[in-house]
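Each chain, written out:
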Amino acid sequence: MTDPALTPDLIAAHGLSPDEYDRILEIIGREPSFTELGIFSAMWNEHCSYKSSKKWLRTLPTSGPQVICGPGENAGVVDIGDGQAVIFKMESHNHPSYIEPYQGAATGVGGILRDVFTMGARPIAAMNSLSFGAPSHPKTPHLVSGVVEGVGGYGNCFGVPTVGGEVRFHPAYNGNCLVNAFAAGLADADKIFYSAASGVGMPVVYLGAKTGRDGVGGATMASAEFDDTIEEKRPTVQVGDPFTEKRLLEACLELMASGAVISIQDMGAAGLTCSAVEMGDKGGLGVKLQLSDVPQRETAMTAYEMMLSESQERMLMVLKPEMESEARAIFEKWDLDFAIVGETIAEDRFLILHGNDVMADLPLSKLSSSAPEYDRPWVETPPAGDLPDLPTIAPMDGLRALISAPSYAYKGWVWEQYDSQVMGDTVRTPGLGAGVVRVHGTTKALAFTSDVTPRYVRANPFEGGKQAVAEAYRNLTAVGAVPLATTDNLNFGNPEKPEIMGQFVGAIQGIGAACTALDMPIVSGNVSLYNETDGKPILPTPTIGAVGLIADIEQIIAGLPSEGDLALVIGETKGHLGQSALLAEAAGIEAGDAPYVDLDAERRNGDFLRANRALVTAATDLSDGGLALAAFEMAEAAGMGVTLESGDIGQLFGEDQARYLVAASFDQAEALMVAAGQAGVAIAMVGRFGGDTVSFGDDSAPMAELSTLYRSSFAKAIGAA
Amino acid sequence: MKAAIITFPGSNCDRDLAVAFEQAGAKVVRVWHKDTVLPAGTDVVGLPGGFSYGDYLRCGAIAARSPIGTAIAAHAKAGGYVLGICNGFQVLLEMGLLPGALLRNAGLKFLCKPVTLNVATTDSAFTSGYAQGAQIRIPIAHHDGNFTADAETVARLQGEGRVAFTYAENPNGSDGDIAGILSENRRVLGMMPHPERAMEAAHGSADGRALFAGLIGAFVPG
């Protein structure tokens, strides 16, 4: 097959601007080959190069005494004491999931699991943050059922418990759903594996599944005149095989334990290209690959196709040459491919051979270090306007509007499709706040949460960014965990629009401020831009995944209220209704400013709750839906009613930050209020748990009726009931 | 008591099952599916949950033909104990050591949640630690747990007291609400729920302990 001529159209179809192409000519001093063009396109696209976001990502706090490895590797590594570390990251798979929801979501889960076990960690927990369009949109039910089944299909088979996540609906996601997958793993802190190659002449080994044409060059597919039959040959979405990934996990961990691995990198986006360049670049070495030795699933694959294939369940590794036979035996035991496909070289070269032909010969270090970086123009998001005059909403009507909306209804339909207990260490399954998983064989536990309130971020990117981190902090605190560190998955629209770039900059600044104040450094993350359809952007959605440590499982706060327990709110309630869930769901009003986040109060109130965990029987953070929704959820889970004294909409549904709802016996409540007074923490007695009625002021309804509504609305909303 | 836990490619509850046996006081040996003999002195074979061979072909079908399969069948025929949980139950059916089949759940979805089981017989080592008719809480996590057999087989299982557990609220469409069944000699148990996930307070239920304790009780000398 002859390579096509490099026309301006073909270059543009590779996502390279004329300036970027000129830069390529300058770097190599000649016209690139077709394969070389593909390699540059893969390395310089937004996904791999972070060219629009790098400038701002550098401003995030990424260090702290607990951080063993921050951003830049496959995942972040955080110390959890006793020589152990938690390794975690969150990553988006938005566009593939919209095209093919099952496989898109499944391979999203597969990719993030690989990021974690590439570093030597056994995955112990997964979460998913999902955003869909309006439930009434014709595509939504299909996307929801496909994505949820895909997440479960991959994670359940692989054998990692899915212990948390979010599911939201908003018309802004009609043409662009979000699938953000989180995974965390456990490893010994002195046995972490990194991607930097070392040593000249070391074998580069290909592991895992065979290479096919899946996912090859989405960019070039736009160019119809390039090859009329391309769509038949190359499905755009990769197909996952969790069975292979499970074997790849076991084989990799066995191999790592054998001491044979010098460095390892999973093949994700732009597979062989990105992984080989990454290992060479970090190690200051060149890499030579012989593509004839790459295990191939299809016949007559070209160098271009092999270098850009995104076939799943593959790894690239630099191996100690003297241990080749032991390494090969481990992979043969698990019936996986093992092939030496190249070696490290001293020169700064990325040399790609296919048989006797040189298909690419590029200066390796230039591929990532000389990648373009843009300071995109941006404008600050204008201040939010005032709230319009609000209609009168009876408290119980407000609650009914919330619990019948799928964003706030009971989501058992989703999480019962996920295995939340495999590995036998899950202490807290999805449903109420953070998921908790015990560190196997110890009395320690880790808590996991993912949070963001996109309406807030749209109204006020800076406060919205702060709020996402603060809510994660509170969810971890509410189970008794000390927040440790954070991963961010930043989903935004087109960064070439100054107002979108302004949302991005504002959110990053807010996230940075909150991570610093709450001592939750960012250790890994992912940026997903261009989430737009027909020029309409998604709500800015910077998903925060966070991990906390419970030093002794005895210190967990995981109870439910007992009959007669008092309901208390820690933190100050002013009744902020701007951008609230109540107004959105009960009145269709999305207006006003996001709630202000007082980071000092967050810290103070969080520290207070952890210090006084013995004085509460149950705790939850207050976020969207405010006190009313949180009190309802807590009572419903405990199978009892709840009475809140106030009938005021602001008091009930306001979304002021830095607050928790706790249940406590009379004696506990008394002691808690004394302790709060001493600590300068605002606390208020707001009601009582028990009975079989939900009462807000003078308005009340039977819990049984509300519970039925709460538990049936999700399936009904997406047409599955 | 020595328990041999088999690992097939795709097993993912093998460690969990080993932990449960160890907690109950058994000595555990891990066995690779390509092995052809069980460790000397094996008392109980444990077939764990998971997705052996990725559930390709039919759940449990390929694992049932693994090299270790012959040794497991011989162990069962000689009166040895076998416990198959979830995918392990599917493997036992595919091996022909228990009757019936497990179809896709009636709701067509994977289901993971705690369920209430009725202990339908105490006449087996596995169930001797429970009271007849006791209700216990144990989680399920499966896509293909809809136990199906012809009416005659179901009637025979019920008539011979070989139904070990039934669901209090049938989650998957199983015939006769059957959650677990015993072999004729009552030494092979296949069940969809995961007793190894209900071993301690941290799991939210410790109702699975009695199953392992009962089994070990069968080997107490004297």
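Residues numbered from 1 in each chain as written. Chains lettered and ligands numbered in written order. Predicted model: local features only at pLDDT ≥ 70, side-chain atom pairs only at ≥ 80, totals over all residues. Heavy atoms only, no water.

Draft legend 1. Region of interest: the overall build of chain A. Regarding its fold elements, chain A presents 26 helices and 28 strands. The C-alpha atoms of chain A give a radius of gyration of 26 Å, which matches the 27 Å a tight globule of 721 residues would have. Counting only C-alpha atoms and orienting by the principal axes, one finds that chain A spans roughly 85 × 50 × 45 Å. At a minimum sequence separation of 6, the contacts of chain A that also span at least 24 residues come to 85%. Of the accessible surface of chain A, which amounts to about 23600 Å², a share of 50% is contributed by carbon and sulfur atoms. For chain A, the distance from the average site of its 48 positive side-chain charges to the average site of its 92 negative ones is 2 Å. (Helix = DSSP H or I, 4+ residues; strand = E, 2+ residues; numbered from the N terminus. Rg over C-alpha atoms; globule rule 2.2 N^0.38 Å. Contact = heavy atoms within 4.5 Å. Areas by Shrake-Rupley, 256 points an atom, 1.4 Å probe, with all protein chains shown as cover. Lys, Arg positive; Asp, Glu negative; His and termini not counted. Charge placed at Lys NZ, Arg CZ, Asp CG, Glu CD.)

Draft legend 2. Spatial organisation of the sheet that holds strand E15 (residues 435-438) of chain A. Residues and elements named next belong to chain A. The sheet built from six strands is open, its strands ordered E14-E15-E16-E21-E17-E18 with mixed pairing. Of all the strands in the sheet, just strand E14 (426-428) and strand E18 (522-528) have a single pairing partner and so form its edges. Strand after strand, the sheet turns through a mean of 20° between neighbouring axes, direction not considered. In this fold helix H19 (residues 461-478) packs onto strand E16 (445-451), strand E17 (482-491) and strand E21 (541-550), with an angle of close to 150° to the strand it touches most, E16. (Pairing = 2+ DSSP bridges. Axes fitted to C-alpha atoms, helices over the stretch in contact; angles between N-to-C directions.)

Draft legend 3. Structural detail: the pairing of strand E11 (residues 337-345) of chain A. All names here are of chain A. Here strand E7 (residues 203-208) pairs with E11 via six bridges, running antiparallel. Along E11, the bridge assignment pairs leucine 207 with phenylalanine 338. Two strands pair when backbone bridges link them, and strand E9 (residues 286-290) and E11 are joined in this way by four bridges, in the antiparallel orientation. Bridge pairing in E11 links leucine 289 to glycine 342.

Draft legend 4. Just helix H16 (residues 395-403) of chain A, in detail. Summarising burial for H16(A): seven of the nine residues are buried, a large majority. Residues of H16(A) that are buried sit in contact with helix H21 (581-587), helix H23 (626-638), helix H24 (649-653), strand E27 (693-696), strand E28 (699-702) and helix H26 (703-717) of chain A. (Buried < 20%, exposed > 50% of the residue type's maximum accessible area, 1.4 Å probe, protein only.)

Draft legend 5. Summary view of the packing of H23(A) against H26(A). All names here are of chain A. H26 packs onto H23 with a crossing angle of 100° between their chain directions and a minimal axis gap of 11 Å. As the angle between them shows, H23 and H26 are arranged roughly perpendicular. Contact residues: Phe632, Glu633, Ala635 and Glu636 in H23; Met703, Leu706, Ser707, Tyr710 and Arg711 in H26. A per-class count over the contact of H23 with H26 returns five nonpolar, one polar and three charged. (Parallel < 35°, antiparallel > 145°, perpendicular 65-115°, else oblique. Nonpolar A, V, L, I, M, F, W, Y, C, P; charged D, E, K, R; others polar.)

Draft legend 6. Geometry of the nonpolar core. In this structure, A:Ile87, A:Phe331, A:Leu399, A:Phe653 and A:Leu661 are the most contacted members of the largest nonpolar core, which totals 107 residues. Beyond its immediate chain neighbours, meaning those up to four positions away, A:Phe331 contacts A:Leu207, A:Gly208, A:Leu248, A:Ala251, A:Cys252, A:Leu255, A:Leu336, A:Asp337 and A:Phe338. (Core = buried A, V, L, I, M, F, W, Y, C linked by side-chain atoms within 4.5 Å.)

Draft legend 7. Broad picture of the sheet that holds strand E23 (residues 618-621) of chain A. Residues and elements named next belong to chain A. In spatial order, the strands read E23-E25-E22-E26-E24-E27-E28; together these seven strands make up an open sheet with mixed pairing. Each of the sheet's edge strands pairs with one partner strand only, and the pair in question is E23 and E28. Looking at each pair of strands side by side, their axes are set apart by 20° on average, direction ignored. Pairing analysis gives five bridges linking strand E22 (residues 566-570) to strand E26 (residues 683-689), with the strands arranged antiparallel. The residue bridging valine 569 from the neighbouring strand is alanine 684, located in E26. In the packing of helix H22 (residues 599-611) onto the sheet, the strands contacted are E22, E23 and strand E25 (660-664), and the crossing angle to E25 comes to about 20°.

Draft legend 8. Representation of the interface of chain A and chain B. Of the residues lining the interface, 29 residues belong to chain A; the matching set on chain B comes to 25 residues. Summing the contributions of chain A and of chain B, the shared interface buries around 2300 Å²; its carbon and sulfur component is 54%. Three residues, A:Phe243, A:Glu416 and A:Gln421, lead the burial of chain A against chain B; their summed loss comes to 25% of the area buried on that side. Measuring nitrogen to oxygen at the nearest pair gives 2.9 Å for the salt bridge that ties B:Glu200 to A:Arg438. Elements represented by at least two residues in the side of chain A that touches chain B include exactly helix H8 (140-158), helix H11 (242-258), helix H14 (324-333) and E14 of chain A. (Buried area = accessible area lost by both parts, 1.4 Å probe. Salt bridge = Lys/Arg side-chain N within 4 Å of Asp/Glu carboxyl O.)

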